[in-house]
Amino acid sequence: MNFIKVNTYDELSCKAAALICSQVVMKPDCVLGLATGSSPLGAYAKMAQKCKDGEVDFSRVKSINLDEYVGLDGQHDQSYRYFMNNNLFKHINIDINNTHVPNGCATDVDAECKAYDALIESVGGIDLQLLGIGLDGHIGFNEPDSYFEKTTHKVELDPSTIDANARFFASRDDVPTTAITMGMGGIMSAKKVLLIANGKGKKDIVEKAFFGPITPAVPASILQLHPDLTVIYSEN
Ligand code: GLP
C-alpha cells in the first residue's frame, strides 16, 4: 500500500487528478471506476480543467460508477447519475454512452445487479477504481457486515450512512434507505485502487481501515489485500 498524507484538500485533489489522468494518458481506452460523495469533487474539477487545457483526452474512456440509490432516477438531483453528469461528465469529452451508473429505478433490481457485473466483465474489468470512504468504513455502499459481499447487490443503508448523507437532501426522511452497489469482487479486481479521504472526521476510520485488522465490520479494510492500492489522506 502506498499511503500518502498531504496537508490540504487541494493537494489531495491535485494528486488524485494527476493519477487518474496519467492512467488515461497511458491507456486512452481505459475503464475508470468512479465514485460520488464530496471527496472526489476537487479531483473532478481538476480533471475537467486538464481536459479543457488539452492535457488529457477522455474520448475513448469508459466509466463504471460504484453505486446508485434505489428509487432515484437520473433526473433526480441527488441521484448519483445526476451527480456524475453535472460534476464530471458534462465538463470532459467522455462519450456519455460509455458512462455507466447502476439503474436505481430498475424494475428487477436483481437482474440489474447481475447485468452490472456482466458489464464489468465485458469491458475487461476496471483499470483504476477511485473510492471515497464512509464514516463507518463503507466503500461504494458496501456497509459493515459479517461478511464481504462479492457481487453487485442491493443493500440496506446503515442508519449512520443515512445520517451522513442527509445533508444533501431536504430532510432525513427523503434519503433512500436502499441502494445498489458494486460488490467487493468488482472493486478488488480493479487493477489499481485509489482511495481518497479528507478531514479530521475521517482520521479514525482511515486508521482502522488501513492500519487495523481486515474485517467486514470495516469494509474498506479488505483493500489492504489489494496489490496496487494508493490511499491519499488529508487531515484538513
Ligand atoms: C457515499 C458514497 C460513497 C462515498 C461516501 C463518502 O455514501 N456511496 O461512495 O465514499 O458517501 O462520502 P463523502 O466523500 O461525501 O464523505
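Further up the page is the structure itself.
Residues numbered from 1 in each chain as written. Predicted model: local features only at pLDDT ≥ 70, side-chain atom pairs only at ≥ 80, totals over all residues. Heavy atoms only, no water.

Caption draft 1: Examining the overall build of the protein more closely. For the protein, the helix and strand inventory stands at seven helices and ten strands. For 236 residues, the compact-globule formula gives about 18 Å, and the C-alpha radius of gyration of the protein, at 16 Å, lands near that figure. With respect to the principal axes defined by its C-alpha atoms, the protein has extents near 45 × 40 × 35 Å. Counting over 236 residues, the protein shows a buried share of 51%. The long-range fraction of contacts in the protein, counting pairs at least 24 apart against all pairs at least 6 apart in sequence, stands at 78%. When the accessible surface of the protein is split by element, carbon and sulfur atoms take 51% of a total near 10400 Å². With 21 positive and 30 negative side-chain charges, the protein shows a spacing of 7 Å between the two charge centroids. (Helix = DSSP H or I, 4+ residues; strand = E, 2+ residues; numbered from the N terminus. Rg over C-alpha atoms; globule rule 2.2 N^0.38 Å. Buried < 20%, exposed > 50% of the residue type's maximum accessible area, 1.4 Å probe, protein only. Contact = heavy atoms within 4.5 Å. Areas by Shrake-Rupley, 256 points an atom, 1.4 Å probe, with all protein chains shown as cover. Lys, Arg positive; Asp, Glu negative; His and termini not counted. Charge placed at Lys NZ, Arg CZ, Asp CG, Glu CD.)

Caption draft 2: Here's a closer look at the layout of surface pockets. Looking at the largest pocket, its volume works out to about 660 Å³. As for the largest pocket, its lining consists of 37 residues, and the residues nearest its centre are Thr36, Gly37, Ser38, Asn165 and Arg167. Those elements that provide at least two residues to the lining of the largest pocket are strand E4 (67–69), helix H3 (80–87) and helix H5 (159–165). Top contributing element to the lining of the largest pocket by residue count: H3, with five residues. Here the residues of the lining of the largest pocket are counted per class, giving 15 nonpolar, 17 polar and five charged. (1 Å grid on protein atoms, 1.4 Å probe; cavity = no way out; pocket = protein on both sides within 12 Å on 5 of 7 lines; lining within 4 Å. Points joined across faces, edges and corners; volume = space filled by probe spheres on them. Nonpolar A, V, L, I, M, F, W, Y, C, P; charged D, E, K, R; others polar.)

Caption draft 3: Representation of the packing of aromatic side chains in the model. Tallied over the entire structure, the rule returns five aromatic pairs. With a centroid separation of 5.1 Å and an interplanar angle of 70°, the aromatic rings of Phe3 and Phe211 are classed as edge-to-face. With Phe3 in strand E1 (residues 2–6) and Phe211 in helix H7 (residues 203–211), this residue pair connects regions lying 208 residues apart in the sequence. By relative accessible area, which is 27% here, Phe3 ends up partly exposed. (Phe/Tyr/Trp six-rings, centres within 6.5 Å; stacked < 30°, edge-to-face > 60°.)

Caption draft 4: Region of interest: the side chain of Thr99. As for its placement among the helices and strands, Thr99 is situated in strand E5 (residues 99–100). The buried category is assigned to Thr99, whose relative accessible area is 5%. Polar contacts involving the side chain of Thr99 include one to the main-chain carbonyl oxygen of Ile96, which spans 2.7 Å. Dropping the residues within four chain positions of it, Thr99 is found in contact with Ser63, Arg81, Phe89 and Ile94. (Polar contact = N/O pair within 3.5 Å; in protein donor to acceptor, adjacent residues only side chain to side chain.)

Caption draft 5: Spotlight on the site of the ligand. Taken together, the neighbourhood of the ligand is formed by 14 residues, with Ser38, Ser39, Asp67, His138 and Lys202 sitting nearest. In the environment of the ligand, an oxygen atom lies 3.3 Å from a nitrogen or oxygen atom belonging to the side chain of Asn165. With respect to the pocket detection grid, the ligand is positioned in the largest pocket. (Near = heavy atom within 4 Å. Sits in = over half its atoms within 2 Å of the grid points.)

Caption draft 6: Expanded view of the pattern of salt bridges. A full pass over the atoms with the stated rule returns seven salt bridges. Here Asp127 ties to Lys191 by a salt bridge, and the two come within 3.3 Å at their closest N and O atoms. Taken together, the residues Asp127 in the loop between helix H4 (109–122) and strand E6 (128–131) and Lys191 in the loop between helix H6 (184–188) and strand E9 (192–198) connect sequence positions 64 residues apart. Accessibility expressed as a relative area gives 46% for Lys191, which makes it partly exposed. Among the salt bridges present, the one from Arg172 reaches Asp163, with a minimum N-O distance of 2.5 Å. The class of Arg172 is partly exposed, set by a relative accessible area of 39%. (Salt bridge = Lys/Arg side-chain N within 4 Å of Asp/Glu carboxyl O.)

Caption draft 7: A look at the sheet that holds strand E10 (residues 229–234). Across the sheet, seven strands lie side by side as E1-E10-E9-E6-E2-E3-E5; this open sheet has parallel pairing. In this open sheet, the two edge strands, each paired with only one partner strand, are E1 and E5. As paired strands, strand E3 (residues 62–65) and E5 are joined by two bridges and run parallel to one another. Within E5, the residue paired with Ser63 across the bridge is Thr99. Relative to the sheet, H4 contacts E3 and E5, its axis offset from that of E3 by approximately 145°. (Pairing = 2+ DSSP bridges. Axes fitted to C-alpha atoms, helices over the stretch in contact; angles between N-to-C directions.)

Caption draft 8: Region of the structure containing helix H1 (residues 9–26). If you check H1, its first and last C-alpha atoms are 26 Å apart, about what 18 residues at 1.5 Å a residue would give, namely 26 Å. Every buried residue of H1 is listed here: Leu12, Ser13, Ala16, Ala17, Ile20, Cys21, Gln23 and Val24. The arc that holds every buried residue of H1, seen down its axis, measures 150°, which confines them to one face. Looking at H1, the residues exposed on the side facing more than 90 degrees away from the buried face are Val25 and Met26. (Expected span 1.5 Å × (residues − 1). Arc of directions from axis to C-beta.)

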